[in-house]
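# Fold and geometry: a report
Chain by chain, the residues:
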Amino acid sequence: MTAAGGKNRPVNLKRRSQLAGEAAAANAEVESALRVAADPTAAAFFDVDNTVMQGASIFLLAKGLHKRKFFTTRDILGAAWKQAYFRIVGVEDPEHVAEARSAALAFIAGHTTEELERLGEEIFDEAMAHRIWPGTRALAQLHLDQGQRVWLVTAAPIEIASIIARRLGLTGAMGTVAEHINGVYTGRLVGEMLHGPAKGEAILALAEREGLDLSRCSAYSDSYNDLTMLSLVGDPCAINPDARLRHHAREHGWRIRDYRTGRKAARAGVFTAAVAGAAVGSIAAGAAVRRRLR
């Protein structure tokens, strides 16, 4: 690349990932400080969507918020195609990602953190609790029983990630951090979404702060997009993996656990979750609109 903008773009993206990781680790610090681990240098990191929970947590959250009039159908329809294109096609163009991020965040601007946390508790009980994979929960409990700390690491908002972690009895969570001033959301992110490389930055920041030996740590995910996170630790494990991650795990001798039943149904479920998460709730809302127009 010869253009100045082309040279600067990777640096800017890397810095945004670092900011997201640092912000997520800072949020996890308070919760982790509440526990003293018997094995302080080892820990486990779990992705959420299709790893700990069946389906996409952001879709379930958005669907519940829409049901409670937290935002209108019109608020999210504009974000749908951008999010779907990014999640399904995997486009990494910085400008497109920025547009998708802004559109997805617009609907929470002006709402309070207390409001989102309160509704998040209700939505977990209503739509998420029964979707937790028993096998993955058992793996997390094994680490806890060994005196190790366990964190969720997810692109979902930190508010819902923290609720899931608390309900499962885990140490804490790292998730996407939305900026708020005096308890009111601005509609902007701190750094980037906690996705891909940003997850790795979050784990590195937390490991340095907590004195973790990453060679003694474990990480669990269903997605090849989390290869950065999985490659940081000495014990990576693919949970309900997509095709690329399954292939990579087999090539490198990583553990593989699949709690889905029926390969065809599993593939359909993964695709559906990707679409659902990408649309940030607009699929259900759009269906409602179509029904009203008929």
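None of the values given here were measured: they were computed from a predicted structure.

### Brief notes about the overall build of the protein chain
Along the backbone of the protein chain there are 12 helices and eight strands. Across the 294 residues in the protein chain, those meeting the buried criterion constitute 52%. For the protein chain, long-range pairs separated by at least 24 residues make up 66% of all intrachain contacts whose partners lie at least 6 apart in sequence. Total accessible area on the protein chain is roughly 13,900 Å²; 54% of this is exposed by carbon and sulfur atoms.

### Observations regarding the packing of helix α2 (residues 57–67) against helix α5 (residues 113–128)
Closest axis-to-axis distance for the α2/α5 pair is 9 Å, and the angle between their directions is 110°. By the criterion of interaxial angle, the relationship of α2 to α5 is roughly perpendicular. Handedness of the crossing formed by α2 with α5: right-handed. Where α2 abuts α5, its residues S57, L60, L61, G64, L65 and K67 lie against L116, L119, I123, E126, A127 and M128. Residues that form the contact of α2 with α5 fall into these classes: eight nonpolar, two polar and two charged.

### Considering α5
Helical geometry: 3.6 residues make up each α-helical turn, so side chains three or four residues apart lie on a common side. Of all bends in α5, the biggest is about 25°, found at E122. All of the buried residues in α5 are T113, L116, L119, G120, I123, F124, A127 and M128. Against the buried residues of α5 lie α2, α7 (158–167), β4 (178–181) and β5 (184–189).

### Overview of the nonpolar core
In this structure, F46, L65, M128, L152, I164 and L170 are the most contacted members of the largest nonpolar core, which totals 44 residues. If we ignore the near neighbours within four places in the chain, the residues touching M128 are M53, S57, L60, L61, I123, I160 and I164.

### Describing the sheet that holds strand β3 (residues 172–176)
Across the sheet, which stays open at both edges, the six strands sit in the order β3-β2-β1-β6-β7-β8 with parallel pairing between neighbours. A strand with exactly one partner marks an edge of an open sheet, and here the two such strands are β3 and β8 (255–257). Between one strand axis and the next, the sheet turns by 20° as a mean value, whatever way the strands run. Across the sheet, helix α6 (residues 134–145) lies against β1 (43–46), β2 (149–157), β6 (218–221), β7 (235–239) and β8, angled at about 160° from β1, the strand it touches most.

### Considering the pattern of salt bridges
The tally for this structure, following the rule as stated, stands at 15 salt bridges. We note a salt bridge from R68 to E122, for which the minimum N-O separation is 3.0 Å. Highlighted residues: R68 in the loop between α2 and α3 (73–89) and E122 in helix α5, separated in sequence by 54 residues. Close ionic contact of R246 with D258 constitutes a salt bridge, the shortest N to O distance being 2.7 Å. Remark: D258 occurs in the loop between β8 and α11 (263–279) and R246 occurs in helix α10 (residues 243–252); sequence separation between them is 12 residues. Residue classification places R246 among the buried positions, given a relative accessible area of 12%. Where salt bridges share partners, they join K67, R68, E122 and E126 into one cluster.

### Side note on α10
Residues L245, R246, H248 and A249 constitute the buried set of α10. Down the axis of α10, the buried side of the element spans an arc of 165°, and every buried residue falls inside it. Within α10, the exposed residues directed more than 90 degrees away from the buried face are A243, R244, R250 and E251. Downstream of α10 by one or two residues, G253 has phi in the positive range, about 70°.

### A closer look at the confidence of the model for the protein chain
A residue-level look at the protein chain finds 65% of positions with pLDDT of 70 or above and a mean pLDDT of 78. This stretch, residues 1–11, has a pLDDT under 50; its non-local contacts, to residues over four places away or in other chains, come to seven contacts. Predicted confidence for residues 263–294 stays below pLDDT 50, and this span has 41 contacts to residues more than four positions away or in other chains.

### A look at the pairing of β6
In β6, alternate side chains face the same way, and those of S218 and Y220 on one face and A219 and S221 on the other are all buried. In the sheet, β1 pairs with β6 via three bridges, with the strands oriented parallel. Its bridge partner lying in β6, F46 is registered against Y220. Here four bridges tie β6 to β7, and the two strands are oriented parallel to one another. Paired with Y220 across the two strands is C237, which belongs to β7. In the classification by handedness, the crossover that spans β6, the intervening helix α9 (residues 227–232) and the parallel β7 is right-handed.

The rules we used
- Each chain carries its own residue numbering, running from 1 in the written order of its sequence.
- Totals for whole chains, interfaces and linings use every residue, but because this is a predicted model, local features are given only for residues with pLDDT of at least 70 and side-chain atom pairs only at 80 or more, for both listing and counting.
- For the side-chain quantities, the full set of heavy atoms in the structure was used; hydrogens and water were omitted.
- We count a stretch as a helix when DSSP gives it H or I for four or more residues in a row; a strand needs E for two or more, and each element gets its number in order from the N terminus.
- Each residue's exposure class comes from its accessible area (1.4 Å probe, protein chains only) as a fraction of the maximum for that residue type: buried when under 20%, exposed when over 50%, partly exposed otherwise.
- Any pair of residues with heavy atoms lying within 4.5 Å of one another is described as a contacting pair.
- Reported accessibility uses the Shrake-Rupley method at a 1.4 Å probe radius. Residues are deemed covered only where the shown protein chains occlude them.
- Helix axes use the C-alpha atoms of the stretch in contact, all axes being lines fitted to C-alpha atoms, and the angles between their N-to-C directions lie in the range 0 to 180 degrees.
- Small angles under 35 degrees read as roughly parallel and large ones over 145 as roughly antiparallel, with 65 to 115 read as roughly perpendicular and the rest as oblique.
- The handedness criterion is simple: a crossing whose near helix is rotated anticlockwise from the far helix by less than a right angle is left-handed, and one whose near helix is rotated clockwise is right-handed.
- Residues are grouped as follows: Ala, Val, Leu, Ile, Met, Phe, Trp, Tyr, Cys and Pro are nonpolar; Asp, Glu, Lys and Arg are charged; every other residue, Gly included, is polar.
- The seven residues ending at a residue and the seven starting there each receive a fitted axis; the angle between those axes is the bend at that residue.
- In these notes, a set of buried Ala, Val, Leu, Ile, Met, Phe, Trp, Tyr and Cys residues joined through side-chain atoms within 4.5 Å is what counts as a nonpolar core.
- Should DSSP find at least two bridges between two strands, the strands are regarded as paired.
- Whenever a carboxyl oxygen of Asp or Glu lies within 4 Å of a side-chain nitrogen of Lys or Arg, that contact is scored as a salt bridge.
- Picture the helix axis, draw a direction to every C-beta atom, and the arc is the one those directions span.
- Values of pLDDT, ranging from 0 to 100, describe the predictor's confidence in every residue of the model.
- A clockwise course of the path from the first strand over the helix to the second, judged with the strands pointing away from the viewer, identifies a crossover as right-handed.

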